[in-house]
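# Remarks on the overall topology
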Amino acid sequence: MNVLTISPIQASNNFSSEISQSNVELAPGLWEHTYQFQPNESVRKQTKQPAILFEWSFPYLDTSYIWTPTSGFNRSIPTDWHYPVKTMTSISAPMVCLYSEDAKNRYTCAISEIKEIVELSFGVHEEDGTMKCKIEIPMKDFTMQKPYTVKLLEDKREQPYHRAIEHVASWWETTCDITPMKVPQEARKPVYSTWYSYHQDLFEHEIEQECKLAYQMGFDSIIVDDGWQTFDNHRGYAFCGDWEVAKERFSDFPAHVKRVHEIGMKYIMWYSVPFVGYQSKMWEQFKDMILFDNQREKAGVLDPRYPQVREFLIQNYEHAIRDWDLDGLKLDFIDQIYFHEQSKEFDERMDYLSVQDALDRMMTDITTRLQAIKSDVMIEFRQRYIGPNMRKYGNMFRVADCPNSGISNRVGIADLRMLSGNTAVHSDMLMWHKDEKAEIAALQIIACIFSTIQISVKLGVIPEEQVQMLSFWMSFAKEHRELLLEQDFIPFEPQHLYPEIRAVQDTKAIIAIYAARRIVSITDNLKEVILLNGTKEQEMYLEFDSKRRFVLVQKDCCGRECKTETVTFEKGIHRLPVTTSGLIYLTEDSSVD
């Protein structure tokens, strides 16, 4: 094993290779380490499990929590003997952020290997209270017959944790030559989805009626989800793979899409990218070109190392955009595309050894060829395939499925926003019972207000109060879209699952509160503030740095004005009444003495 140690990181590999390293301090406390591995001949014959390994440690001081792209509700620091976090193109992203109780960055680390499998282990060493760090790059699934270069970023700067995470996203763009897919404005406008409202029970006349109602309420696009390709309603993916429209559901699909366009809505269609079902006509052709057999879903997972597989899928998507005049695709289950214990090592029909190389080729070709047909095509991916490479292939990242869970959406949105740059971040589809109170349903919308909102309730059966509520919030989201989605995004206290989130532009801010009796600071630089009550509480607590005078407007969850008054706030904390899911608008009174 060759070992190179340049304090404090030790780089090694278990095959014959020369190792060299360079180190650059990009800014005080910010380091970029570059490692080059020069393999000798027949490197893959020397070991069955070739790997590159980085190991180091440091004192575990003033550090309380860990953030990763898919940490979800768990922000606790693991021990060093826990299983590593695994990333690749199709799963998460290779970085971690360690931060203190007051949400300050203590140590953020990222690696430039964003395509192949990377295993990250960051945990407390019980014996001495140090943080043990290990990053391993298994090389079994790709060859290294030429020099291999990898960069490692260390950020020890004292700064808010979210700034360190945002810097990693921009570092990947520069270091890994990432050009994110163009994001059309339509990708940031509210979306109606058929999944929770209809599941697989889709019919063209119902979709068109929903589109008419959705458009009136402020929605600009529809995603038609699973069910369009089969008349079977038993869930699972046994009938996926042919990607032909079910005639029992759509008598003339291009004409149906045209009618939806005439309503004013963009049309996006769902595909489960890798699944070829046992009941599909394509099963016989592709059953021996799969990575593994998913018996629970009654489908195989296609192997992109076969050029026939890639071309079959791409031609289906080209056909949908060109011949059906679709505006975008929801490409699902890409996180199922990885080398599996059932996967073949190689056969002569493949043109790639690495699954992730082949996936990159396929997704790049999909994007290039679809943009050649429609330059502003929209492509949606779901959380956890949301890493830097995925930003090249898609322009909409959606929170993982969390029906009727405002907190899951809120956490997922915040996590995505910090690491996704200018890629449009979408909520999971919001749904609730038709008899729910409008103010309770609105809590979910406030939880998602810093994303492009997707809704999936049957609009034709909800009561008028819900219609008014939805219409108001979609209007609010459009009116403030630039501030909500494209300006400075500040998520507070990740260890408490973001009890306060702000969007700030110069002297204007939208602040959402998700915890009862939280004290919200209104600093002197803010002249216009919109406060959103994301709780059932009937009060807000605001703290002012100095005496301020504002015009105050209070609205309820449907946008109805409750009161307007001019208020002088002395320095200190003030309690304000507010309705559940209500809003308070504060505009500085310039006539103040």
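Shown above is the structure to which this text applies.
As the structure is a prediction and not an experimental result, all values here were calculated from the model. (Residues numbered from 1 in each chain as written. Predicted model: local features only at pLDDT ≥ 70, side-chain atom pairs only at ≥ 80, totals over all residues. Heavy atoms only, no water.)

## Some details on the packing of helix α10 (residues 438–447) against helix α11 (residues 464–479)
How two helices pack is summed up by the angle between their axes together with the distance between the axes. Here is the rule we go by: Geometry is summarised by axes, namely lines fitted to C-alpha atoms with helices restricted to the contacting stretch, and by angles between N-to-C directions that run from 0 to 180 degrees. Secondary structure follows DSSP: runs of H or I at least 4 residues long count as helices, runs of E at least 2 residues long count as strands, and numbering of each begins at the N terminus. Any angle that is under 35 degrees is reported as roughly parallel, and any over 145 degrees as roughly antiparallel; angles of 65 to 115 degrees are reported as roughly perpendicular and all others as oblique. Take the far helix as the reference: if the near one is turned anticlockwise from it by less than a right angle, the crossing is left-handed, and if turned clockwise, right-handed. Whether two residues are in contact is decided by their heavy atoms, any of which lying within 4.5 Å being enough. Residues are sorted three ways: Asp, Glu, Lys and Arg are charged, Ala, Val, Leu, Ile, Met, Phe, Trp, Tyr, Cys and Pro are nonpolar, and all the rest, Gly among them, are polar.
Contact pair α10 / α11: the axes reach a minimum separation of 9 Å and the direction vectors enclose 25 degrees. The pairing of α10 with α11 is recorded here as roughly parallel in orientation. Relative to α11, α10 is oriented so that their crossing is right-handed. For the pair α10 and α11, the contacting residues are Ala 438, Ala 441, Ala 442, Ile 445 and Ile 446 in the first and Glu 465, Gln 466, Met 469, Leu 470, Trp 473 and Met 474 in the second. Considering only residue class, the contact of α10 with α11 consists of nine nonpolar, one polar and one charged.

## Structural notes on the pattern of salt bridges
Two side chains carrying opposite charge are able to pair once their charged atoms lie near each other. Our working rule: Salt bridges are defined by distance alone: a side-chain nitrogen of Lys or Arg within 4 Å of a carboxyl oxygen of Asp or Glu. When a residue's accessible area, from a 1.4 Å probe over protein chains only, is under 20% of the maximum for its type it is buried; when over 50% it is exposed; and in between it is partly exposed.
Applying the stated rule across the entire model yields 52 salt bridges. Taking the shortest distance from any N to any O, the salt bridge between Asp 401 and Arg 382 comes out at 3.0 Å. In this pair, Asp 401 sits in the loop between β21 (396–398) and α9 (406–419) while Arg 382 sits in strand β20 (residues 378–382), placing the two residues 19 residues apart along the sequence. Its relative accessible area of 14% is what places Arg 382 among the buried residues. A salt bridge links Arg 548 to Glu 588; the shortest N-O distance between them is 3.0 Å. In this pair, Arg 548 sits in strand β30 (residues 548–555) while Glu 588 sits in strand β33 (residues 583–588), placing the two residues 40 residues apart along the sequence. The class for Arg 548 is buried, based on a relative accessible area of 4%. Within the structure, one salt-bridge network assembled from shared partners comprises Asp 332, Glu 380, Arg 382, Arg 398, Asp 401 and Asp 428.

## Let's talk about the sheet that holds β20
Hydrogen bonding along the main chain pairs the strands of a sheet, whether they run parallel or antiparallel. This is how it is decided: What makes two strands pair is DSSP finding at least two bridges between them.
If you walk across this open sheet you meet the eight strands as β22-β21-β20-β19-β15-β14-β13-β23, and the pairing is parallel. Where the open sheet ends on each side, the last strands, each with one partner, are β22 (424–426) and β23 (454–455). Two elements, β20 and β21, share three bridges in a ladder whose sense is parallel. Each residue of the ladder has a partner; that of Glu 380, found in β21, is Met 396.

## Structural notes on the nonpolar core
Across soluble globular proteins, nonpolar side chains have a tendency to be buried as a group. What counts is decided by this rule: Remark: nonpolar core denotes a set of buried residues (Ala, Val, Leu, Ile, Met, Phe, Trp, Tyr, Cys) joined through side-chain atoms within 4.5 Å.
Core analysis: the largest hydrophobic core is formed by 140 residues, its most contacted members being Trp 228, Leu 331, Trp 473 and Phe 476. Leaving out residues up to four positions away in the same chain, Trp 228 has contacts with Leu 202, Trp 243, Glu 244, Val 245, Ala 246, Phe 250, Met 269, Trp 270, Tyr 271 and Trp 324. In terms of nonpolar packing, the next biggest core, distinct from the first, is built from 27 residues, Tyr 35, Val 118, Leu 120 and Met 131 among them.

## Description of unusual backbone geometry
With a phi angle near 50 degrees, His 199 is a residue other than glycine that sits in the positive phi range. Inspection of the secondary structure assignment puts His 199 in the loop between α2 (195–198) and α3 (204–217). With phi around 60 degrees, Tyr 498 is a residue other than glycine that occupies positive phi space. You can see Tyr 498 is positioned in the loop between β24 (488–491) and β25 (500–505).

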